[in-house]
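One-letter residues, chain by chain:
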Amino acid sequence: MDIARAAIDKPVNTWLLILICLLGGLWALFSLGRLEDPEFTIKQAIITTSYPGASALEVEQEVTDQLEIALQRLPQIKEIRSRSEPGRSLIDVEILEQYDSSQLPQIWDELRRKVRDASAALPPGAGTPHVNDDFGDVYGLYYALSAPDYSQAELRDFARTLRQELLRIPGVAKVAISGLRAERIFVEPPQSVLTQLGIAPTLIANAISVQNAVVESGALRVEDRSVRLAPSGTFDSVARIEALPLGGPGASSEHASLRLGDIARVSRGEEEIPTLLVRHNGRPAVAIGVSAQSGTNIVEVGATVEARIHALLETLPLGVTIDPIYQQHRVVDEAVNGFLVNLASSVAIVILVLCLAMGWRGGLVVGGVLLLTVLGTLLLMKIGGITMQRVSLGALIIAMGMLVDNAIVIAEGMMVRMRRGLGALEAAQQITNQTKWPLLAATVIGILAFSGIGLSNDSTGEYTFSLFAVIAISLLLSWVLAVTVAPLFGSYLFRSAAERRDEEDAGGVLLSGYRGLVHLALRHRLTTVAALVGSTLAAVIGFGAVPQSFFPDSATPLFYVDVWHEQGTDIRATAADMAELGNALGQLDGVTDVTSFSGSGADRLMLVYAPELPNSAYGQCIVRVTDAARIPEIAARVRQWIGEHQPQVKSWTSRIRLGPGGGAKIEARFSGPDNATLRALAAEAERIFRDHGLINVRHDWRQYRPLIVPRLAEARATAAGVSRADIADALAMVTEGRTVGLYREGDRLIPIVMRAPDDERNGNTDLRDRRVWSATAGAYIPMTEVIDRFETGTEDGLIRRLDKARTITAQADPAYGANTDAALAQVRGAVEAIALPPGYRLEWGGEYEDSSDAQAALARSVPLGFLAMVLITVALFGRVRQPLIIWLCVPMAITGVTAALLATGQSFGFMALLGFLSLSGMLIKNAIVLVDEIDLRIADGHHRHDAIVAASVSRFTPVMLAAGTTILGMIPLLFDVFFASMAVTIMGGLAFATALTLIAVPVFYAGFFKVREDEAPRTG
């Protein structure tokens, strides 16, 4: 098919394509969904099971182990991590990479069935396992609701009202409320009263639970209708609970007239030991997280949410404030607008370079095609459901230079032929028919260079998939527009020369110099090859000095302060320290907002944030600063303050990390059967870490936690008719209390807790002075009659397992500002030299594992892409030597990569690796055009040596233009932390490799085909 003739002879069709790209692209620009980061699926579920009263060891053996056995039967599971602690089991299940988000609901259903079946084998007293598969929900609109002059009940009402209003907003998926202290109804009978009256605690508990139980009373037929019977008497107020009579089965005659309020104080209040406490800028607060529906424009949803919150504030009482902690829509709007500016800058730079190099006519033709390609890509992104975010917009800038390659070849070819005297149509036909299939093949090869991302099925590949998708869309569209729109625009703007001129006669000093350089290289081809190979080997050796990394830190002006107290610390003590720390942080210059969380991390406020699971010893501050550049300085002052004022805690500061991953950057995992041995191995690794200057050294089993063991006098207890459960109930009464019923209020169920009065619980009462109910004696007896002594000791507060094996992880971070890979290299040998007993093993985690997994997933997919690239080059030429010449040029890219990374100090991370892989496609594309031109000239009967030189000179301008526009178009990415290393890799690699390719291809061609300058001309 003569595409160029069709495009010029039937311009209406071509203009229709132009208008679709132009108008559709402008529509997509303003309607595309906007996000901060690409969506990727967090393929994790958390299974929580309570086992009150059990030690961490009992939880591990009786609950965690049973559930893990059932879970391991699921073939979709990649990894099972568990955490057993006193009274609770937490199991983190991760699904294999090959299962995408559409398959997860079915997997979670199957997982729930396995858990439900296994729960039948759990011990008595264990709760029903709860499966949370919404662990990956992102609450990107995160606010702090404060009402310091109001009660917790009023604050709860404000929060519920806010949630109801926000859930009505289109695009809002969920609203999470965290940090509210749960309500309780407290029944507090003094021990002296119970002892004097001889009232058993079970009498009170049974009376409460029976009175407020939901019971079926049946229905009565009245004529033709069925009328339900609903006896009254359920609790509807605290006063109604106080009025509860204690008479009934098991009650003595003297107790028959007693009401609950006669012997106990009944009150309504908040739980004494909360699970999470939040403070914002020094005030107690509640965190409100808003999650948007998938695929929505977070900027629009966020603006609507923000407007609704401002409207609601006017209806709430004075003193109620709602302050932003994290506003993803503002971050996204700023980031996307910044990227759009960068994109416009790249387009402007490329068009300016084209106009300077090709003249304004050529620049307008190629620039017009470029602009249509960008807009058309946005339209196809809209159709394909690809959102505007960091990676997809960055992909457009990365592709910027490559998008003009095809149009440059067509436009430059038309201009050359029209300078020879051909008309626009004939010139367009010649160049388009000659190059359309090589250009298509080169374009597909350029796309396949990124296929490792598209085929990688791990979280990192999913995170960066839009990079591959956008580049594939834009490059294919650039080819379509190059062979249709470029000829049409060229026919309008280009002029045929009145006198025939050859391109070899044009170009001035630059082309003359290049022609002389090619002649020189061909005459000294062995020396040239040796120089090329030598420079490549030197770059390979020098690459060892390039720092390695995974993903860089974000430029968002937020950072975290993680604080760990001794394991077992009461959350109220943790919260007091966090309040002090938060107040101190708020006074630092450059800090604008501080939000502290005590007892666990925040909700997942961004996709790359990994919240810490509940632990009363843990606290975290989210600190907002005026400028991200000041974070290192402010974080250093924070660490100094903590060291001076709270030396008893372990703490560290960290920045938001771009891309998947999280946790400590350096981790050594030891697995084996014995807890003490594992702790000893971790301690040795920690010592090595400290000796080599690593910071934030710790392990994830934490410290032993203190323990009090009442030693039961079994013979005396049996004789007195006191069981272990009776003693446990008596001790629970004087500590946290125990739940004896539920109070129903609308859609809420409030636990009724029976406990000792405050002065008995918090007045340093000796446990030996407590009394325990003896059913045999019908009276209370001293605790010392059934308990020999109270012993103190320690126990494991956390027992972690990985795939059913007990696993402890020694963790550390490199010194602030140091490279992780270099720090790991310093300690790796010493840690691996630790003598492991039989049955124990060591594995490396942290950033090393994240990077290795991502690169392994990439390595599994890259060979397929490269195989396809090789097959296309072979099929294109139908021979072996031409593809071999082209592929020999690819390794030379490392020369520029090494030089550029070392010169700029950038690390070779995952994004730089993608840039390095993409270089192969760019180089092959340039080499294909050059080799194809040499073949064509030789096929036309030119002297082979002259054909190599002439073809090289004729391709010099388009190849240099393509490389130059790519390099210059990436300048805006140098200022983005996420893409900087990739931009440096591509710019440096392409600059050196293009220059070397323009020399290497002619020399390799002459060598492989044994071309001599003095050979006889070919005939006939």
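Reading the values: the criteria
Residues numbered from 1 in each chain as written. Predicted model: local features only at pLDDT ≥ 70, side-chain atom pairs only at ≥ 80, totals over all residues. Heavy atoms only, no water. Helix = DSSP H or I, 4+ residues; strand = E, 2+ residues; numbered from the N terminus. Buried < 20%, exposed > 50% of the residue type's maximum accessible area, 1.4 Å probe, protein only. Areas by Shrake-Rupley, 256 points an atom, 1.4 Å probe, with all protein chains shown as cover. Expected span 1.5 Å × (residues − 1). Arc of directions from axis to C-beta. Contact = heavy atoms within 4.5 Å. Phe/Tyr/Trp six-rings, centres within 6.5 Å; stacked < 30°, edge-to-face > 60°. Salt bridge = Lys/Arg side-chain N within 4 Å of Asp/Glu carboxyl O. Pairing = 2+ DSSP bridges. Patch = residues over 30% accessible without salt bridge, like charges linked within 9 Å, V, L, I, M, F, W, Y side chains within 5 Å. Axes fitted to C-alpha atoms, helices over the stretch in contact; angles between N-to-C directions. Core = buried A, V, L, I, M, F, W, Y, C linked by side-chain atoms within 4.5 Å. Parallel < 35°, antiparallel > 145°, perpendicular 65-115°, else oblique. Left-handed = near helix turned anticlockwise from the far one by under 90°. Nonpolar A, V, L, I, M, F, W, Y, C, P; charged D, E, K, R; others polar. Polar contact = N/O pair within 3.5 Å; in protein donor to acceptor, adjacent residues only side chain to side chain.

Caption draft 1: Layout of the overall build of the protein. Per the secondary structure count, the protein includes 32 helices and 28 strands. Seen through its C-alpha atoms, the protein measures out along the principal axes to roughly 130 × 75 × 60 Å. Counting across all 1020 residues of the protein, residues that qualify as buried make up 54%. As displayed, the protein has an accessible area near 42,100 Å², and 56% of this comes from carbon and sulfur atoms.

Caption draft 2: Highlighting helix α21 (residues 631–645). A rise of 1.5 Å per residue sets the reference length of α21, with its 15 residues, at 21 Å; its end C-alpha atoms lie 21 Å apart and thus fit the reference within 8%. Within α21, burial applies to I631, I634, A635, V638, W641 and I642. For α21, the angular spread of the buried residues around the axis is 120°, confining them to a single face. In this fold, the buried residues of α21 make contact with β14 (558–564), α20 (571–586), β15 (591–598), β16 (618–625) and β17 (650–655).

Caption draft 3: Up close: the packing of aromatic side chains. Under the criterion given, the structure shown has 14 aromatic pairs. Plain terms: the ring middles of W564 and Y618 are 4.8 Å apart, the flat faces sit at 50° to each other, and that makes the pair tilted. Here Y618 lies in strand β16 and W564 lies in strand β14, a separation of 54 residues in the sequence. With relative accessibility at 2%, the residue Y618 sits in the buried group. Put simply, the rings of W15, F489 and Y492 touch in pairs and so form one group of aromatic residues.

Caption draft 4: A look at the pattern of salt bridges. Per the stated rule, a full pass over the model turns up 51 salt bridges. Ionic pairing is found between K78 and E94, a salt bridge with its closest N-O pair at 3.8 Å. Placement of the pair is K78 in strand β2 (residues 77–85) and E94 in strand β3 (residues 88–95), with a sequence separation of 16 residues. On the basis of relative accessibility, which here comes to 26%, the residue E94 falls in the partly exposed class. Ionic pairing is found between D813 and R698, a salt bridge with its closest N-O pair at 3.5 Å. Taken together, the residues span a long stretch of sequence, with D813 in strand β27 (residues 805–813) and R698 in strand β19 (residues 695–699) at a distance of 115 residues. In this structure D813 comes out as buried when scored by relative accessible area, which is 11%. Accessibility expressed as a relative area gives 9% for R698, which makes it buried. In the salt-bridge network here, residues are joined through shared partners; they are E188, R265, E272, D570, R572, R755, D758 and R761.

Caption draft 5: A look at the pairing of strand β7 (residues 183–188). Here β7 lies mainly inside the structure; six of its six residues are buried. Covered by surrounding structure in β7 are E183, I185 and V187 together with R184, F186 and E188, the residues of both alternating faces. Pairing of β7 with strand β10 (residues 265–270), which is carried by six bridges, proceeds in the antiparallel orientation. Across the sheet, residue V187 finds its bridge partner in β10, namely V266. With three bridges joining them, β7 and strand β22 (residues 748–754) adopt parallel strand pairing. Of the residues in β22, the one forming a bridge with V187 is M754.

Caption draft 6: Just a nonpolar patch on the surface, in detail. A surface patch of nonpolar side chains, about 470 Å² in accessible area, is lined by L19, L22, L23, L26 and F30. Mapped onto the elements of the fold, L23 is located in helix α2 (residues 11–31). Assessed through its relative accessible area of 54%, L23 is described here as exposed.

Caption draft 7: Inspection of the side chain of S952 at higher detail. Within the secondary structure layout, S952 lies in helix α31 (residues 944–969). You can call S952 buried: its relative accessible area is 0%. Apart from residues lying up to four places away in sequence, S952 is in contact with Y514, V518, L930 and P1002.

Caption draft 8: Molecular detail of the sheet that holds strand β21 (residues 738–745). Judged by pairing direction, the sheet is mixed, and its four strands sit side by side in the order β10-β7-β22-β21 without closing on themselves. Two strands in the sheet have a free side with no partner beyond their single neighbour: β10 and β21. Between one strand axis and the next, the sheet turns by 30° as a mean value, whatever way the strands run. Against the sheet, helix α7 (residues 201–211) engages β7, β21 and β22, with an angle of about 20° to β21.

Caption draft 9: Just the environment of E314, in detail. Within the element layout of this structure, E314 appears in helix α10 (residues 298–315). In this structure E314 comes out as exposed when scored by relative accessible area, which is 70%. Along the chain, E314 and V480 lie 166 residues apart, while their C-alpha atoms are 56 Å from each other.

Caption draft 10: Spotlight on the nonpolar core. In terms of nonpolar packing, the biggest core is built from 156 residues, with L378, I398, F450, L467 and M911 touching the most fellow members. Ranked by residues supplied to this core, first place goes to helix α11 (residues 328–384) with 19 residues. Excluding residues within four positions of it along the chain, M911 makes contact with T464, L467, F551, F978, F979, S981 and M982. Core analysis: the second largest hydrophobic core is formed by 27 residues, L194, L203, L244 and I752 among them.

Caption draft 11: Examining the packing of helix α29 (residues 893–904) against helix α32 (residues 980–1008) more closely. Taken N-terminus to C-terminus, the directions of α29 and α32 make an angle of 135°; their axes are 7 Å apart at the nearest point. It follows that α29 is oblique to α32 by the angle criterion. Between α29 and α32 lies a crossing whose hand is right-handed. In this structure, α29 uses A893, T895, G896, V897, A899, A900, L901 and T904 to contact α32, whose residues at the interface are S981, V984, T985, G988, G989, F992, A993 and L996.

Caption draft 12: Region of interest: the environment of D976. Along the chain, D976 falls in the loop between α31 and α32. In this structure, the C-alpha to C-alpha distance between D976 and L767, residues 209 residues apart in sequence, is 62 Å.

Caption draft 13: Seen up close, the packing of helix α28 (residues 881–888) against α32. Where α28 contacts α32, the axes come no closer than 10 Å and their chain directions differ by 145°. The way α28 lies across α32 gives a crossing that is right-handed. Mapping the contact onto sequence places R881, Q882, L884, I885 and L888 in α28 and V1001, F1004, Y1005 and F1008 in α32. For the contact of α28 with α32, the class distribution of residues is seven nonpolar, one polar and one charged.

Caption draft 14: Representation of unusual backbone geometry in the model. Located in the positive-phi region is N696, a residue other than glycine, with phi close to 55°. Tracing the sequence through the fold places N696 in strand β19. According to the relative accessible area criterion, N696 is buried, its value standing at 14%. Phi is positive for K1010, close to 50°, though the residue is something other than glycine. Among the secondary structure elements, K1010 is positioned in the segment after α32.

Caption draft 15: Local environment of the side chain of E760. Inspection of the secondary structure puts E760 in helix α25 (residues 758–761). On the basis of relative accessible area, E760 is assigned to the buried category, the value being 14%. Here the side chain of E760 touches R770 through a polar contact of 2.8 Å, side chain to side chain.

Take it as geometry only, folks, not as evidence of what the structure does.
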